[in-house]
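Structural overview for review
Residue strings, one per chain:
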Amino acid sequence: MQEATQRICTTPSAMLCAQGQGVVRGYAIGRAVVMGAAALEVPHYRVAVEVVEQECVRLCAAMDKARDEVTALASGLPLDAPKEMASLLGVHVLLLDDPQLRAQTMALIRERFYNAEWALTTQGQLLQEQFSAMEDEYLRERGADIRQVIERVLLLLSGGQPLTLNALDQAGDEPLIVVARDIAPADMMGLREAKFAAFLTDLGGPTSHTAIVARSMAVPAVVGLGNFRSLVRDGDMLIVDGFTGAVMVNPSALVLEEYRQKQAEFAQARASLASLRDAPSVTLDGIAVHLEANIELPEEAEHALAAGAQGIGLFRSEFLFMGRSTLPDEEEQFHAYKAVLEAMQGKPVTIRTLDIGADKVLDGEQTVATNPALGLRAVRYCLANPDLFQTQLRALLRASAHGTLRILVPMISSIKEVIAVRQAISEAKQSLAAQGITVASNIQLGAMVEVPAIAIAIEPFAETLDFLSIGTNDLIQYIMAVDRGDSEVADLYDPQHPAVLRVIAQTINAGERFNTPVSVCGEMAGDPTLTRLLLGLGLTRFSMHAAQLLDVKREIVTAHSNALRTKVAGALNRAERLDLAILH
Ligand code: PEP
Ligand code: MG
C-alpha cells in the first residue's frame, strides 16, 4: 500500500525511521516485542528471577498434558474416522514433543522473564511465520497445526494457577515496547501488568480506544504506522517519540544519547509540574475551571486524587465488562462503583452506563452490524437488553449511598431515550425499595453529547437533564464522517473544523442559558494544545486522564478566559479551520 510505505524511510546512516501519529506524549527507548493477534490475548507479565524455573515447570506440565490428551485422542479414533485425522494428530503429538518449541519457549522465560503464556505465543508466532514463508504447500499448512497445538496448551495453562508476582519489577528491567498491527481495548487492559514502555500500532487514530487506554497508563504511544510491524524484529532497539510520532529502529549511539537527554528533560519538566497540583484552577481573569478525571478501572481513582482532580468526570464502566467470558453480576459491579465513590471521598463521581459496541466488544459477542459505530451500541444496547441494564442500574443505585454519584448515559440521540432511561432507573429504585434498600436522593442524571442530532437540537436536553458531557471523540467522528480508529483517514479527523467548534459552542451556550453544567470528557479536554480553544468556547469543566491534568492546568492558570472568548467568537463564523496561533 503506497500510503503505508511512505511512512517508512531510512536515514543516511541506514537507521530505519517510521512516522505515525503520536497519541500519547513522552519518549521511550527499549526493545521491540512484536506481537500477533493471538499473542495479545494472553496475560502478559514478567516473572521474578526466583520463580523462573517454576514457570518452566508449569509450561512443561501443560505441554505434557496436552501431548497425553492428543495421544489418547489418536488411539481412541473410531474406525470410520477420516484417515488424515490420525496423521494430523500425530503431527500435533510431534509438535508438543518438539524440543525446539519447548526449549525456545523456555529460553524466553529464562532470558526475558516472560510468563509461560506470553513466551509460548511469542515462540509459536515465530514458528508460524517461518512455516507460512515456506514454498512447500504441505509445510505451509503446518502453521495452522502450530496454532491449534498452542491453543490447547494455553487452555491448560489458564486452568492452572498462574504464578502471582510480587517481585514484578525485579525481573528483566530492560524496557519493552509493544509493536502490533492493532490492539483491541480489552487486550490493552491485559497488557497493563507487564509495564511496557510504549505502544506502537500499524492501525488506529488519536481517539481510538487503544490510544485512550495508553493515555490512561501514561505510556507513550504512536499509532497509524502503516506496515511497521512487518519491518521490525523482536529485540530491535527502538526510540519512540510520542510528540512527533517518529519511531527509530536500531539507532546510532549518537541518536540514542540525544533521546536519552530528551527523555530526562521531559521527566524533569513533568516533575516540576507537580507544584501545580494544589494551585487553584483559575484563569488570569478569575474564571474558575473545574478539572475532573477520566478512569477506566476503579483503581485509577487513586491517580485522579493524586493529580488533584475535583471529581471523576467519566468512569467508562464498560471496561469492567470486557476481556472476560462472563458478565460482572450486580454484586461485583456494586463493589467496583462503591470503591470509586469511597476513594473519591465525597467528590462527585460520574459513572457512565455501559457503552459497549463499535470497537468495544464483549468477549464471545460477534458483531454482525454492517456499521457497528452506527449500530446497537451504548444506550441502544442497554435499552435492548433490559435485564443487563437493570443489573447495572441496581448496582449503581446501591453504590450511591457511598458518595456523590452522577449517572451519565452514552450515545443519547432522542428525548424518547431519556424518558426510557428514567423509567428504567425508577424501576430499579422500586425493586430496591421493595427489598428495603435505600438509595441516595440526589443522584444527577446526564447525557453524553456525542451524537450530532442532540447537539444540533440541544435545548430540550439542556432543559431537562442535570448535566451534559460532550464526548468529542465520537462527536467529531460523526460530524466529520471519519472513523475515529481508522489511520487512513486520520488527517480528516479535525477538532478545529468550524462545524465541530460551532456544535461545541452551541452546546456550551445552551448549558449557560438553562443553567445546566456542561463538560467535555473526550480527548480534546486533555490535549493542552486545545485548552485555550476550549476556554475560548466558554468551557469551564474539563475531564481527562489524570496524567494530563497538570499540563492542562498550566494552560488554564496562564490564560485570560474573556479575551479568548472574544477571539474565538470572532473566528467561529469563518469557513476555514481555526488557527490556534490566534489564541496566543
Ligand atoms: C467520547 O466519545 O468522546 C467519549 C468520551 O467516549 P468514548 O471515547 O468512550 O467513546
Ligand atoms: Mg463516545
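Residues numbered from 1 in each chain as written. Chains lettered and ligands numbered in written order. Predicted model: local features only at pLDDT ≥ 70, side-chain atom pairs only at ≥ 80, totals over all residues. Heavy atoms only, no water.

Remarks on the overall build of the protein chain
Check the secondary structure of the protein chain and you find 22 helices and 17 strands. Against the globule reference of 25 Å for 584 residues, the protein chain gives a C-alpha radius of gyration of 26 Å, in line with a compact fold. When the backbone C-alpha atoms are referred to their principal axes, the protein chain occupies close to 75 × 70 × 45 Å. Counting only residues that meet the buried cut, the protein chain has 54% of its 584 residues in that class. When contacts within the protein chain are restricted to residue pairs at least 6 apart in sequence, those whose partners lie at least 24 apart make up 71%. Of the roughly 25000 Å² that the protein chain leaves accessible, carbon and sulfur atoms contribute 55%. Looking at charge distribution, the protein chain has the averaged site of its 50 positive side-chain charges lying 5 Å from that of its 71 negative ones. (Helix = DSSP H or I, 4+ residues; strand = E, 2+ residues; numbered from the N terminus. Rg over C-alpha atoms; globule rule 2.2 N^0.38 Å. Buried < 20%, exposed > 50% of the residue type's maximum accessible area, 1.4 Å probe, protein only. Contact = heavy atoms within 4.5 Å. Areas by Shrake-Rupley, 256 points an atom, 1.4 Å probe, with all protein chains shown as cover. Lys, Arg positive; Asp, Glu negative; His and termini not counted. Charge placed at Lys NZ, Arg CZ, Asp CG, Glu CD.)

Some remarks on the domain arrangement of the protein chain
The domain boundaries assigned to the protein chain delineate domain 1 (16–41 + 167–272), domain 2 (49–157) and domain 3 (277–583). The centre of domain 1, based on its C-alpha atoms, is set 29 Å off from the matching centre of domain 2. Contacts between the two partners involve 15 residues from domain 1, matched on the other side by 10 residues from domain 2. In this assembly, domain 1 packs against domain 2 so that about 900 Å² is buried in total across both faces, 56% of it on carbon and sulfur atoms. Between domain 1 and domain 2 we count 2 salt bridges in total. (Domains from an automatic or database assignment. Buried area = accessible area lost by both parts, 1.4 Å probe. Salt bridge = Lys/Arg side-chain N within 4 Å of Asp/Glu carboxyl O.)

Some points on the site of ligand 1
The environment of ligand 1 is made up of 17 residues, and the closest members are Arg316, Arg352, Gly471, Asn473 and Arg484. Between ligand 1 and the protein, one listed contact pairs an oxygen atom with a side-chain N or O atom of Arg316 at 2.7 Å. Among the elements of the structure, helix 9 (209–216), strand 11 (312–316) and helix 18 (472–480) are those that each provide at least two residues to the shell around ligand 1. With 3 residues, the single largest contributor to the shell around ligand 1 is helix 18. Its residues assigned to classes, the shell around ligand 1 comprises 4 nonpolar, 5 polar and 8 charged. (Near = heavy atom within 4 Å. Polar contact = N/O pair within 3.5 Å; in protein donor to acceptor, adjacent residues only side chain to side chain. Nonpolar A, V, L, I, M, F, W, Y, C, P; charged D, E, K, R; others polar.)

Quick look at the side chain of Gln392
With respect to the helices and strands, the residue Gln392 is situated in helix 14 (residues 386–399). What makes Gln392 buried here is its relative accessible area of 1%. With residues near it in sequence (within four places) discarded, Gln392 still touches Ser317, Phe321, Gln333, Tyr337, Arg352, Thr353 and Leu354.

Description of a negative patch on the surface
Together, Glu135, Asp136, Glu137 and Glu141 make up a negatively charged patch on the protein surface. Inspection of the secondary structure puts Glu141 in helix 7 (residues 137–159). (Patch = residues over 30% accessible without salt bridge, like charges linked within 9 Å, V, L, I, M, F, W, Y side chains within 5 Å.)

Some words on the coordination of the magnesium ion (ligand 2)
The magnesium ion (ligand 2) binds to the protein through Glu450 (OE) and Asp474 (OD); the donor distances cover 2.0 to 2.2 Å. Here Glu450 is found in the loop between strand 14 (444–449) and helix 16 (452–456), whereas its partner Asp474 is found in helix 18, with 24 residues between them in sequence. Here Glu450 falls in the buried class, since its relative accessible area comes to 2%. (Donors = N, O, S within 2.8 Å, 3.2 Å for Na, K, Ca; no water.)

Some remarks on the packing of helix 5 (residues 99–112) against helix 6 (residues 116–132)
The N-to-C vectors of helix 5 and helix 6 enclose an angle of 130 degrees; their axes lie 9 Å apart at closest approach. Put simply, helix 5 runs oblique to helix 6. Judged by the twist between their axes, the crossing of helix 5 over helix 6 is right-handed. Of the residues in helix 6, those in contact with Leu101, Gln104, Thr105, Leu108 and Ile109 of helix 5 are Ala116, Ala119, Leu120, Thr122, Gln123 and Leu127. Of the residues contributing to the contact of helix 5 with helix 6, the split by class is 7 nonpolar, 4 polar and no charged. (Axes fitted to C-alpha atoms, helices over the stretch in contact; angles between N-to-C directions. Parallel < 35°, antiparallel > 145°, perpendicular 65-115°, else oblique. Left-handed = near helix turned anticlockwise from the far one by under 90°.)

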